[in-house]
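# Structural features, examined
Take a look at the letters that make up each chain.
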Amino acid sequence: ACTFIASDKTGTLTRNELTVQCLWLPGAPVWTVGGAGREPVGAIEDDGAGGAALHDLCRAAALANEAFLGRRDGGWVQQGDAVDIALLVLAHKGGVTRPELLAEHAELRTLPFEAERRFAASLNRCGGQALVSVKGAFERVLDMCARMRTPSGDAPLDRAAVEAQARALAADGYRVLAFAQGLLPASAEVQFDEAALHDLE
């Protein structure tokens with residue numbers, strides 16, 4: 001007997017695949033991400049306006065990540081959670097790869113994703129400081145932020161505008177994630193828990 005059937009036309013359940021299809025930064029239009037599937041084929045169509053902000057978004061997506069994406073025997077190999085793989089594919093399309101980032105920013109600590117927490121974070125060495133990268137449900141990440149990144153630089157967080165855009169994307173059928181980065185002192189005693197992830201510089 002069967003009392004409930006869940007169907008999935010996007011392939012998330014049937015093929016365990018997700019693809020990042022668009023990006024948004026406050027003060028910019030929604031950027032389209034080309035390509036589909038688990039291989040980094042396609043480009044981010046930002047008309048050259050993304051610049052450093054787009055690079056930092058891709059960096060956060062790759063550092064707060066537990067998956068693997070790489071070349072082996074002439075093909076692409078992926079391992080890990082479907083969301084994390086999709087984010088590594090996105091980062092690659094933006095010219096950022098996790099191995100190159102880790103060579104420059106050694107990983108110090110991580111907060112793995114948990115359903116109760118609804119976000120994941122990593123702490124990486126960045127010169128004389130430590131770089132915090134966070135990914136997760138937009139409302140959880142938004143609660144950690146006092147400022148937002150725009151193509152022209154940082155600005156005070158306009159929570160209403162961010163929430164409105166997130167609702168619009170969700171209404172169009174997108175799964176919405178948010179990303180944040182900040183700096184902490186690079187010391188062995190630095191606290192790295194949820195309390196440390198609020199109002200970072």
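Quick summary incoming for the structure in this document. Position numbers for residues start from 1 in each chain and track the written sequence from start to end. Owing to the predicted nature of the model, reporting of local features is limited to residues with pLDDT of at least 70; listing and counting of side-chain atom pairs is limited to 80 or more, with chain, interface and lining totals taken over all residues. To obtain the side-chain values, all non-hydrogen atoms of the structure were included, while hydrogens and water were left out.

### Section: the nonpolar core
As a rule of thumb, nonpolar side chains are buried together in soluble globular proteins. Cut-off, in case you're wondering: Take the buried residues of types Ala, Val, Leu, Ile, Met, Phe, Trp, Tyr and Cys, join any two whose side-chain atoms come within 4.5 Å, and each joined set is a nonpolar core. Partly exposed describes any residue whose relative accessible area lies between the buried limit of under 20% and the exposed limit of over 50%, with all areas from a 1.4 Å probe on protein chains only and scaled to the type maximum. Per the convention used, a helix needs a DSSP run of H or I reaching at least four residues, while a strand needs a run of E reaching at least two, with both numbered from the N terminus. Note on contacts: a residue pair is in contact if any heavy atoms of the two residues lie within 4.5 Å.
V20, L23, W31, I44 and L90 are the most contacted members of the largest nonpolar core, which totals 27 residues. Listing elements by their share of this core, those giving two or more residues are β2 (31–33), α1 (51–63) and α2 (82–93). For this core, the leading source of residues is α2, giving 8 residues. Excluding its chain neighbours within four sequence positions, the residues that come into contact with L90 are V20, L23, V33, I44, L57 and C58. Core analysis: the second largest hydrophobic core is formed by 15 residues, F119, V134, M144 and A196 among them.

### Remarks on the pairing of strand β7 (residues 119–126)
For a regular strand, side-chain orientation follows a simple rule: the groups alternate between the two sheet faces. This is how the line gets drawn: We call two strands paired when DSSP finds no fewer than two bridges between them.
Extensive coverage of β7 is indicated by the burial of 6 of its 8 residues. Of the pairings in the sheet, the one linking strand β6 (residues 107–111) to β7 comprises 4 bridges and is antiparallel in character. What sits directly across from L111, in β7, is A121. Where β7 lies against strand β8 (residues 129–137), 8 bridges are found, and the strand directions are antiparallel.

### Describing the environment of V162
With respect to the helices and strands, the residue V162 is situated in helix α5 (residues 159–171). Take V162: its relative accessible area is 13%, and that puts it in the buried class. When the C-alpha positions of V162 and W24 are compared, they lie 9.4 Å apart, and in sequence the two are 138 residues distant. Residue contacts for V162: discarding those within four places in its chain leaves W24, P26, L142, M148 and L157.

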